[in-house]
Amino acid sequence: MTMLPVLLTLLCLPAHQYRFFLQLIPLWQAIPGRVNARNFSRYSGWNERTLRRWFDKRLPWDALHWGLVMLLTQLDALGGWFVLVMDASFIPKAGRKTAGLGAFWNGCASHSETGLELHCLALMSWAGRHLFPVCVQQTQPRQGQADRLTQYCAQLTAFLKRRRAWLRVHLRVVVADGQYAKTMFMDAVCDEGYAFVTKLQHNANLLYFFKGE
């Protein structure tokens, strides 16, 4: 963990966040069992309420993940090319007051279940195949919200625009499974000039010609 203080210093975090992350991240990797405030309090000197108050705050997780990629790239530890991959992850959860609770597809059970869903964009290094989550967003239930695929596409589009300068140099291709084989994802990726690798249906109607090497 000798790189962690360097990373936190480069991010110019406030002193209280610096101290929190400096203790939290090594603890996160070491504790057994569930990752929650109660389990953190068992293996640290923090009170459970203190941890809950911290996690209720807006913490710079995106900056932390992105800063790690930037640092390792500058050290030439990952090579220069990356692949952007995306997928959703189901989290079983019960309770009536849980924010974002809804019916989502559980790939392990092959049917929809009640729980939470996180949609993740991650950069995979071309050479070492190391994976770095760089943008994670909780999917909102459909009631009163946009369709989940629309939420995925909005997240992807915002990320490609926000990190455009760096991605134009280092990103080569975007990869996703068959559920992303929709026009809105094709347009979002192709408009930024990247190749899109996915699985099309057998009757897919391709309306443009491939232009490239």
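Residues numbered from 1 in each chain as written. Predicted model: local features only at pLDDT ≥ 70, side-chain atom pairs only at ≥ 80, totals over all residues. Heavy atoms only, no water.

Q: Can you tell me about the nonpolar core, naming the residues and giving the values?
A: If you look at soluble globular proteins, the nonpolar side chains tend to sit buried side by side. Leu84, Met86, Leu123, Phe159, Leu167, Phe185 and Phe196 are the most contacted members of the largest nonpolar core, which totals 31 residues. When residues of this core are traced back to their parent elements, those giving at least two are α5 (61–74), β1 (82–92), β3 (111–125), β4 (131–138), α6 (148–162), α7 (164–170), β5 (171–175) and α8 (183–190). The element that contributes the greatest number of residues to this core is α6, accounting for six residues. Ignoring sequence-local partners within four residues, the contact set of Leu123 consists of Trp66, Val69, Phe82, Val83, Leu84, His130, Leu131, Phe132, Val134, Trp166, Leu167 and Leu171. Judged by nonpolar contacts, the second largest core, of 18 residues, contains Leu8, Ile25, Leu27 and Leu59. (Core = buried A, V, L, I, M, F, W, Y, C linked by side-chain atoms within 4.5 Å. Buried < 20%, exposed > 50% of the residue type's maximum accessible area, 1.4 Å probe, protein only. Helix = DSSP H or I, 4+ residues; strand = E, 2+ residues; numbered from the N terminus. Contact = heavy atoms within 4.5 Å.)

Q: I'd like to hear about the packing of aromatic side chains, residue by residue, with values.
A: Using the criterion set out here, one finds 15 aromatic pairs in the structure. Relative to Phe55, the ring of Phe40 has its centre 6.1 Å away and its plane inclined at 25°; by these criteria the two rings are stacked. With a gap of 15 residues between them, Phe40 in helix α3 (residues 37–42) and Phe55 in helix α4 (residues 48–56) connect regions that are remote in the sequence. Given the relative accessible area of 1%, Phe40 is considered buried. Overall, the relative accessible area of 31% leaves Phe55 in the partly exposed class. Cluster of aromatic residues (ring-pair linked, three or more members): Phe20, Phe21, Trp28, Phe40, Trp46, Trp54, Phe55 and Trp61. The ring of Trp54 carries the charged tip of Lys57 above its face, separated from the ring centre by 4.5 Å. (Phe/Tyr/Trp six-rings, centres within 6.5 Å; stacked < 30°, edge-to-face > 60°. Lys NZ or Arg CZ within 6 Å of the ring centre and 35° of its normal.)

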